[in-house]
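Notes for the structure review
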Amino acid sequence: MTAQDTAPSAPGKLIRGATGNWEIVIGLEVHAQVTSQSKLFSGASTEFGGAPNDHVSLVDAAMPGMLPVINAECVRQAVRTGLGLKAQINLRSVFDRKNYFYPDLPQGYQISQYKSPIVGEGIVAVDLPNGERIDVGIERLHLEQDAGKSTHDQHPTMTQVDLNRSGVALMEIVSKPDLRSADQAKAYVAKLRSILRYLGTCDGDMEKGSLRADVNVSVRRPGEPFGTRCEIKNVNSIRFIGQAVDTEARRQVDILEDGGTIVQETRLFDPDRGETRSMRSKEEAHDYRYFPDPDLLPLEFDQAFVDELKAKLPELPDAKKARLMHDCGLSAYDADVLVAERETADFFEAVAHGRDAKVAANWVLNELAGRLNKEGKDIGASPVSAAQLGTILDLIGEGVISGKIAKDLFEIVWSEGGDPRALVEARGMKQVTDLGAIEKVIDGIVAANPDKVAQAQAKPALIGWFVGQVMKSSGGKANPQAVNDLLKRKLGL
Amino acid sequence: MTDLTSLTLAGARERLRKKDITALELADAHIAAVEGARALNAYVLETPDQAREMAKASDAKLAAGEGRPLEGIPLGIKDLFATKGVRTTACSKILGDFVPTYESTITAQLWRDGAVMLGKLNNDEFAMGSSNETSHFGPVSSPWRRKGANTPLVPGGSSGGSASAVAAHLCLGATATDTGGSIRQPAAFTGTVGIKPTYGRCSRWGVVAFASSLDQAGPIARDVRDAAILMRAMSGYDPKDSTSADVPVPDFEAALGQSVKGMKIGIPKEYRLDGIAPEIDTLWQQGAAWLKAAGAELVEVSLPHTKYALPAYYIVAPAEASSNLARYDGVRYGLRIPGGDVSDMYQRTRADGFGAEVRRRVMIGTYVLSAGYYDAYYLQAQKVRTLIKRDFERCFAQGINAILTPATPSAAFGIGEKGGADPIEMYLNDVFTVTVNMAGLPGIAVPAGLSAEGLPLGLQLIGRPFDEETLFSLGAVIEDAAGHFTPEKWW
């Protein structure tokens, strides 16, 4: 398979070396843990955590005579993901054995898909922070088993092995070498993660290792053929992906500018030291001796199976963003932020339902997001529910409370909970729209301040002083519009 | 008591049902026979206590009139089958004293049907061999000897313990496995009946794997009827084996005595090898004549890719084996020889734990799958395999019901006589049987006569996929004509 050069050089993406500009070329292999109850070829649980070796079946431990049986749910998830990536779904695919010895690989081989993956070419549209949109090609997606975990620091001479992850289903999603900067790589992974989470096919939790990336980096002079690439293994956060790309690209540029050549190899990114280190060279690379797994028949399903899954796909970020811009009149930026996480989008849509979408977006993106951010909470754990926030917006819309009171009310609901409407009632937060009552207050203030009245009549902008006085004596509850109107009349402005 | 061990499985079943004998009596007779035949080395583990327990349970069932199809029938189990709580080693040092916490599907089905376990039977290490000489527990002796000689002979392999035990009346039947001939060749060497069912007919779950795409379990039995009875219990779809076939299991025993009149029997010209022993050729012609006499029509057929089968087999089988045996690494169970680091531990464990033949095949398999060699060897062998399969399909499409061939190129040979200098000499034993595994077809070996030296010789019948019934019908015809062959007791 030869990599096609599909993305044109963009001058703004180049990095500067001592001898001129260089272009970074990046391709990513993302390993996404499939969301499923049980493992790819065994009935053992995929639950995270648990004591070591709690979730291990006879198959996972590769006991003699044990055989793999494909988990249909994992197949469905892979197909759904393929559909989400607008990719070719292969009705026939083959599982192969990738042979190598390691203590956390009980079978002595990983069951993977080599020549015939379940999903072929697709495309992911990625919006960059500067508003630019790029299409990133997907080369393939295949299903494979995860390995167990080796721990080397629990015993002076022994390695300890936990097989809980052994056999858990992974999707390896391979991009084409279409990315040209660290920012693009980061935005691509963020977008991919967003799509997976919308689909519910991977929880995208990078801290738990549910999503991790092997990053292929090379550099070249603009317009020249691809350079020799290095693969940086197992980068486990979006931030680190960006750092790894920049660090590795800089390393390669330095070597080339010193007259050296890049050696194709596998490297590790060390975020603490901000460097990549050689893991093994091409010569040391394993010969995996791939061959079709004779314990498994080719994986075959029909188009009807695919169509049924397609019909039940949820709305994905791109479609949702377009709808929010078109139907709700939101800006591209606001729509982007709202759709990035499915939970945020769902929350927003619940708040906006039957209400002014722009106002709803404003509250979700500013008031709520700001408060969540301050306390480091996810929207799923928001103390103010979509229904509560919606009621607060209703109260503003009905003129029952002012925008300012609404913020106070939001704080009360955040920390104490309760029905906003009942709270407004119980705590006397209702806006005073009784003109008689307001008039009485105004009369008192006008009578007490004849000098201010004269000043205001000479300079109408000074009405603001009167408004402030009225609001102060009403505890902020007077309807600001009514106060303004009455004052103008009383002062003869 | 010894007469109880000379019963056939069907005969014992009849007498148990009639309550002429008890299951415990039958078990005790066999336990005694097993103990008295240790010189044969057929059993690597005897389980007399378990046998008696199971027999007592069977007697209770029989007394209550609830006898199941194999109620009280004492069987030997090849050590390749995982038996819960009973040591299972595949006759390899690397599995050490491995005791499974699970029961293979096939043995579970046998116990479900009321059978009694006498113990675990010897086999070539990981079923790799044609003489049962590669077992970590040492070679098995055939109960047969050449006329007037004391040379110990091999029972064939890899199911040598199974064949020897059945022939020597150390059980009423045995489980066996066949990857390239490991049921049929030992059956032919010992005058017993062995059938390798269609690939997918019997579950591979819980059977130690040699070459997954070729391995298939089946019975070795005293006669064709017994083989049919056992095979029914061993067959059936198993959702735990992805290559298991979801097809109905017929009453194979009912196929015995069915007329073979009008059946077309293929005689493949490519099986007439140069240098074949004249008595094998004569036997083959005799078998054809018997079938003809029963009303079958003989048709010469061509299986043009036969000559490539053995070399292709010795690429495919080791390739799969090299990967299947990777799990024996000293990490989780079985033998571990400590080393300086993990690589060293792997190397020491596997060098010490695997015997020479297993090591040879793991190395061949690793080589043929390596980058740069895969296309030339493994891929090419798979293409050959497809051509072999097509040869058979073309043949059956012409209306051929079954194909008759010799089972082996010779009678049994002496222990230590073959393969010492050149492993190919041993591999040639499988020349008539490997094609059947490569094509996934059913094949039965039926005793058909004795060699000039007084040793059993067998014929093989190859059938259409999932048409074992025809093989039982035809096998019974040969058996009726040829008679039964029992070794004289010398042990």
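On a predicted model such as this, the values are computed, not experimentally measured, just so you know. (Residues numbered from 1 in each chain as written. Chains lettered and ligands numbered in written order. Predicted model: local features only at pLDDT ≥ 70, side-chain atom pairs only at ≥ 80, totals over all residues. Heavy atoms only, no water.)

Residues and elements named next belong to chain B. Here Ser158 lies in the loop between strand E3 (116-121) and helix H6 (160-167). On the accessibility criterion, Ser158 (0% relative accessible area) is buried. A polar atom in the side chain of Ser158 sits 2.9 Å from the side chain of Lys78. When sequence neighbours within four positions are dropped, the list of residues in contact with Ser158 reads Lys78, Asn122, Asn123, Asp124, Ala127, Met128, Gly129, Asn132, Thr177 and Ser182. (Helix = DSSP H or I, 4+ residues; strand = E, 2+ residues; numbered from the N terminus. Buried < 20%, exposed > 50% of the residue type's maximum accessible area, 1.4 Å probe, protein only. Polar contact = N/O pair within 3.5 Å; in protein donor to acceptor, adjacent residues only side chain to side chain. Contact = heavy atoms within 4.5 Å.)

Let's shift gears to the layout of surface pockets. Residues and elements named next belong to chain A. Within this model, the second largest pocket holds a volume of roughly 1300 Å³. Lining of the second largest pocket is provided by 36 residues; of these, Asp336, Val337, Val339, Ala340 and Glu341 occupy positions nearest its centre. When contributions to the lining of the second largest pocket are tallied by element, the ones reaching two or more residues are strand E6 (122-127), helix H2 (182-199), helix H5 (317-328), helix H6 (332-340), helix H7 (342-352) and helix H8 (357-375). Class assignment of the residues belonging to the lining of the second largest pocket gives a composition of 18 nonpolar, 5 polar and 13 charged. Counting only domains with at least three residues in the lining of the second largest pocket, you end up with domain 1 (14-305) and domain 2 (314-426). (1 Å grid on protein atoms, 1.4 Å probe; cavity = no way out; pocket = protein on both sides within 12 Å on 5 of 7 lines; lining within 4 Å. Points joined across faces, edges and corners; volume = space filled by probe spheres on them. Nonpolar A, V, L, I, M, F, W, Y, C, P; charged D, E, K, R; others polar. Domains from an automatic or database assignment.)

A few words on the packing of helix H2 (residues 9-17) of chain B against helix H8 (residues 224-234) of chain B. Residues and elements named next belong to chain B. Between H2 and H8, whose axes approach to 8 Å, the crossing angle comes to 70°. One finds that H2 runs roughly perpendicular with respect to H8. Contacts between H2 and H8 involve Leu9, Ala10 and Arg13 on the former and, on the latter, Arg225, Asp226, Ile229 and Leu230. Classifying every residue of the contact of H2 with H8 gives 4 nonpolar, no polar and 3 charged. (Axes fitted to C-alpha atoms, helices over the stretch in contact; angles between N-to-C directions. Parallel < 35°, antiparallel > 145°, perpendicular 65-115°, else oblique.)

Let us look at the pairing of strand E6 (residues 216-221) of chain B. All names here are of chain B. Across the 6 residues that make up E6, a large majority, 6, are buried. Taken together, the 6 bridges between strand E4 (residues 173-178) and E6 define a ladder with antiparallel strand orientation. Its bridge partner lying in E6, Asp178 is registered against Gln216. Where strand E5 (residues 193-196) lies against E6, 2 bridges are found, and the strand directions are antiparallel. Bridge pairing links Gly194 to Ile220 in E6. (Pairing = 2+ DSSP bridges.)

Residues in a regular strand project their side chains so that they alternate between the two faces of the sheet. Residue and element names in this part refer to chain A. Here strand E5 (residues 109-112) shows no split at all, with Tyr109 and Ile111 on one side and Gln110 and Ser112 on the other all buried. For strand E4 (residues 96-99) and E5, the ladder comprises 4 bridges, and the chain directions are antiparallel. Its bridge partner being in E5, Asp96 is matched across the sheet by Ser112.

All names here are of chain A. Ordered by their spatial adjacency, 3 strands build an open sheet running E5-E4-E15, and the pairing between neighbours is antiparallel. The open sheet has two free edges, formed respectively by E5 and strand E15 (291-292), since each of these has just one partner strand. Pairing of E4 with E15 involves 2 bridges; the strand directions are antiparallel. Across the sheet, the residue bridging to Asp96 is Pro292, located in E15.

What follows deals with the nonpolar core. B:Leu110, B:Phe126, B:Leu170, B:Phe392, B:Leu404 and B:Phe472 are the most contacted members of the largest nonpolar core, which has 162 residues in total. Residues within four places of B:Phe472 in sequence aside, it is in contact with B:Ile195, B:Val224, B:Ala227, B:Ala228, B:Met231, B:Phe252, B:Ala255, B:Leu256 and B:Ile444. (Core = buried A, V, L, I, M, F, W, Y, C linked by side-chain atoms within 4.5 Å.)

This part takes up the interface of chain B and chain A. Accessible area lost during the coming together of the parts is what is often quoted as the interface size. If you look at the interface, chain B gives 38 residues, while chain A gives 31 residues. Counting the surface lost from both chain B and chain A, the interface buries some 2800 Å², and carbon and sulfur atoms represent 58% of this. Across the contact surface, chain B and chain A share 1 salt bridge. Across the pair B:Arg204 and A:Asp295 runs a salt bridge whose closest N-O atoms are separated by 3.1 Å. Broken down by secondary-structure element, the contributors of at least two residues to the side of chain B that touches chain A are helix H10 (309-324), helix H11 (342-353) and helix H12 (356-369) of chain B. (Buried area = accessible area lost by both parts, 1.4 Å probe. Salt bridge = Lys/Arg side-chain N within 4 Å of Asp/Glu carboxyl O.)

Before going further, it helps to spend a moment on unusual backbone geometry. Cis geometry marks the peptide bond from B:Gly157 to B:Ser158, where omega comes out at 10°. In this model, A:Ala62 sits at a positive phi of 55°, which is unusual for a non-glycine residue. Here A:Ala62 is to be found in the loop between strand E2 (20-33) and helix H1 (72-84). Phi at B:Cys91 takes a positive value of approximately 55°, unusual for a residue other than glycine. Within the secondary structure layout, B:Cys91 lies in the loop between strand E2 (74-78) and helix H5 (105-112).

Below, the discussion takes up the side chain of A:Thr201. Inspection of the secondary structure assignment puts A:Thr201 in the loop between H2 and strand E11 (211-220). What A:Thr201 contacts, discounting residues up to four positions off in sequence, is A:Gln33, A:Val34, A:Thr35, A:Gln77, A:Arg80, A:Thr81, A:Met171 and A:Leu196.

Looking now at the domain arrangement of chain A. All names here are of chain A. Per the domain assignment, the segments making up chain A are domain 1 (14-305), domain 2 (314-426) and domain 3 (435-491). Between the C-alpha centres of domain 1 and domain 2 the distance comes to 36 Å. Note on domain 1 versus domain 2: buried area summed over both sides is about 1000 Å², and carbon and sulfur give 47% of it. A per-residue breakdown of the area domain 1 buries against domain 2 is headed by Asp127, Arg197 and Tyr198, which together make up 57% of the total. Inspection of the region where domain 1 meets domain 2 yields 7 salt bridges. Joining domain 1 to domain 2, the criterion identifies 8 residue pairs in polar contact (both at pLDDT 80 or more). Of all elements in the fold, only H1, E6 and H2 reach the threshold of two or more residues within the side of domain 1 that touches domain 2. The element best represented in the side of domain 1 that touches domain 2 is H2, accounting for 7 residues. Of the residues assigned to the side of domain 1 that touches domain 2, the class counts are 4 nonpolar, 3 polar and 7 charged.

Here we take up empty space enclosed by the protein. Taken as a whole, this structure holds 6 cavities of 30 Å³ or more when the rule is applied. The wall of the largest cavity is formed by 13 residues, among which A:Asp60, A:Gln107, A:Gln145, A:Ser166 and A:Gly167 lie closest to the centre. Among the residues making up the lining of the largest cavity, the classes are represented as 6 nonpolar, 5 polar and 2 charged. Counted as a void, the second largest cavity has a volume near 70 Å³. Along its surface, the second largest cavity is lined by A:Leu67, B:Thr177, B:Cys202, B:Ser203, B:Arg204, B:Val207, B:Val208, B:Ala209, B:Asp215, B:Gln216 and B:Ala217. Looking at the lining of the second largest cavity residue by residue, the class counts come to 6 nonpolar, 3 polar and 2 charged.

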